[in-house]
Amino acid sequence: MKVQVLTKHLEVHDIYRYELAAVDGSPLPPFTAGAHIDVEIKPGLIRQYSLCSRPDENHRYEIAVLRAPDSRGGSDAMHLIINAGDVITISEPRNHFPLDTRATKSILIAGGIGVTPILCMAERLSQQDADFEMHYCARSKDRMAFRDRIARAKYASQVQTHFDDGPQEQKLDIDRLLAHQESGAHLYVCGPTGFMTWVLDAAARAGWGPDRVHREYFSTTPISTADDKTFSVKLARSGLVIPIASDQSVVEALAAKGVSIPVSCEQGICGTCLTRVIDGEPDHRDMFMTDAEHAVNDQFTPCCSRSKSAMLVLDL
Ligand code: FES
């Protein structure tokens, strides 16, 4: 859908905040805490951004974009091309990172720009008077986005900040935090990949089951493709067999044969391209599915994942 950029505001060093509204001012589709939208920055360049406005607002969406040093072009282009007054195309909100209504307590942990969905969750839990605490880790105080908003929030006392360049005693003791929580507590984490691994490993050490741990990645760890091999994909409905070259993704190979699979992030984060696997063993390279979901091998992300078996039969 088309929306207008109402404001573009430099939130903090390298992070711009954008307010989006319907071009005719009508209400926007509702969303739940943790949801994101796809933004078409320019033709062929689509990126996902978490909504950080309050979930009870329907007159605007708010997103915040960090200009990432390792940007594949998305955040750079967003900062340079998109300005207040522009009309841009976005998707309706989708949520792969929802709050679990069974939680008796929620532990929200944000690293850097990963604060965007976490902030939205804090707003929602606060509105519900739910038991939660939020931990916000940033490199330094002057790189902490939404400082004023959090300071003014009703839930400000439930937020603890932790700065990499601050004294040791204010740093997040992740093992201690996760060791003594009630059995109904749920953990939510969003941040850079290394940060996520640090938190998720601590959760595993402390015995948190996967059903109580929720995470959203916004970038992937680069995987070496030097040893990628050829394999084939069979489309179950037509019987068509398509070879996949070692330097080609499944999406690319299928597109060359006129079979298009919808994609968005093209790096295994968003789940847009998720495709059902009928036979064969995928080589999962996405961060969208959990380890348990990978182990079932009944679906894969053809934008980045490959195959361990010589043939993958897809439900296409
Ligand atoms: Fe996003 Fe494949 S397009 S996971």
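Right above here is the structure, for reference.
Residues numbered from 1 in each chain as written. Predicted model: local features only at pLDDT ≥ 70, side-chain atom pairs only at ≥ 80, totals over all residues. Heavy atoms only, no water.

Draft legend 1. Quick look at the overall build of the chain. Assigned secondary structure in the chain consists of seven helices and 18 strands. Relative to the globule expectation of 20 Å for 316 residues, the C-alpha radius of gyration of the chain, 21 Å, shows essentially globular dimensions. Out of the 316 residues belonging to the chain, those deemed buried represent 51%. Pairs at least 24 apart in sequence give 67% of the contacts found in the chain among residues at least 6 apart. When the accessible area of the chain is evaluated, it comes to approximately 15100 Å², of which 49% is carbon and sulfur surface. A gap of 2 Å separates the mean positions of the 33 positive and 42 negative side-chain charges of the chain. (Helix = DSSP H or I, 4+ residues; strand = E, 2+ residues; numbered from the N terminus. Rg over C-alpha atoms; globule rule 2.2 N^0.38 Å. Buried < 20%, exposed > 50% of the residue type's maximum accessible area, 1.4 Å probe, protein only. Contact = heavy atoms within 4.5 Å. Areas by Shrake-Rupley, 256 points an atom, 1.4 Å probe, with all protein chains shown as cover. Lys, Arg positive; Asp, Glu negative; His and termini not counted. Charge placed at Lys NZ, Arg CZ, Asp CG, Glu CD.)

Draft legend 2. Expanded view of the pairing of strand β8 (residues 132–138). Counting buried positions over the seven residues of β8 gives seven, a clear majority of the element. The sheet contact formed by strand β7 (residues 105–111) and β8 spans six bridges and is parallel. Residue pairing across strands places G111 opposite C137, the latter belonging to β8. Running through helix α2 (residues 115–127), the crossover from β7 to the neighbouring parallel element β8 is right-handed. (Pairing = 2+ DSSP bridges. Right-handed = clockwise from strand over helix to strand, strands pointing away.)

Draft legend 3. Local environment of the sheet that holds strand β13 (residues 241–244). With mixed pairing, the five strands of this open sheet are ordered in space as β13-β12-β18-β14-β16. Bordering the open sheet on either side are β13 and β16 (299–300), each of which pairs with just one other strand. Where strand β14 (residues 275–279) and strand β18 (residues 311–314) come together, two bridges link them in antiparallel fashion. Considered in β18, the bridge of D279 is made with V313.

Draft legend 4. Representation of the nonpolar core. Core analysis: the biggest nonpolar cluster contains 52 residues, and L20, I63 and M134 have the highest contact counts within it. Residue contributions to this core peak at seven residues, all from α2. Beyond its immediate chain neighbours, meaning those up to four positions away, I63 contacts Y16, R17, Y18, L20, I37, V39, Y49, S50, L51, C52 and M78. L172, A185, L187 and F195 belong to the second-largest nonpolar core, a separate cluster that totals 20 residues. (Core = buried A, V, L, I, M, F, W, Y, C linked by side-chain atoms within 4.5 Å.)

Draft legend 5. Region of interest: the packing of aromatic side chains. Using the criterion set out here, one finds five aromatic pairs in the structure. Measuring from ring centre to ring centre gives 5.7 Å for F195 and W198, while their planes differ by 45°; the resulting arrangement is tilted. With F195 and W198 both in helix α5 (residues 193–205), this residue pair falls three residues apart, about one helical turn. Among the residues examined, F195 registers a relative accessible area of 14% and is labelled buried. For W198, a relative accessible area of 34% translates into the label partly exposed. The cationic tip of K8 hangs over the ring face of Y16; the distance from NZ or CZ to the ring centre is 4.6 Å. Between the NZ or CZ atom of R212 and the centre of the ring of W208, over which it lies, the distance is 4.2 Å. (Phe/Tyr/Trp six-rings, centres within 6.5 Å; stacked < 30°, edge-to-face > 60°. Lys NZ or Arg CZ within 6 Å of the ring centre and 35° of its normal.)

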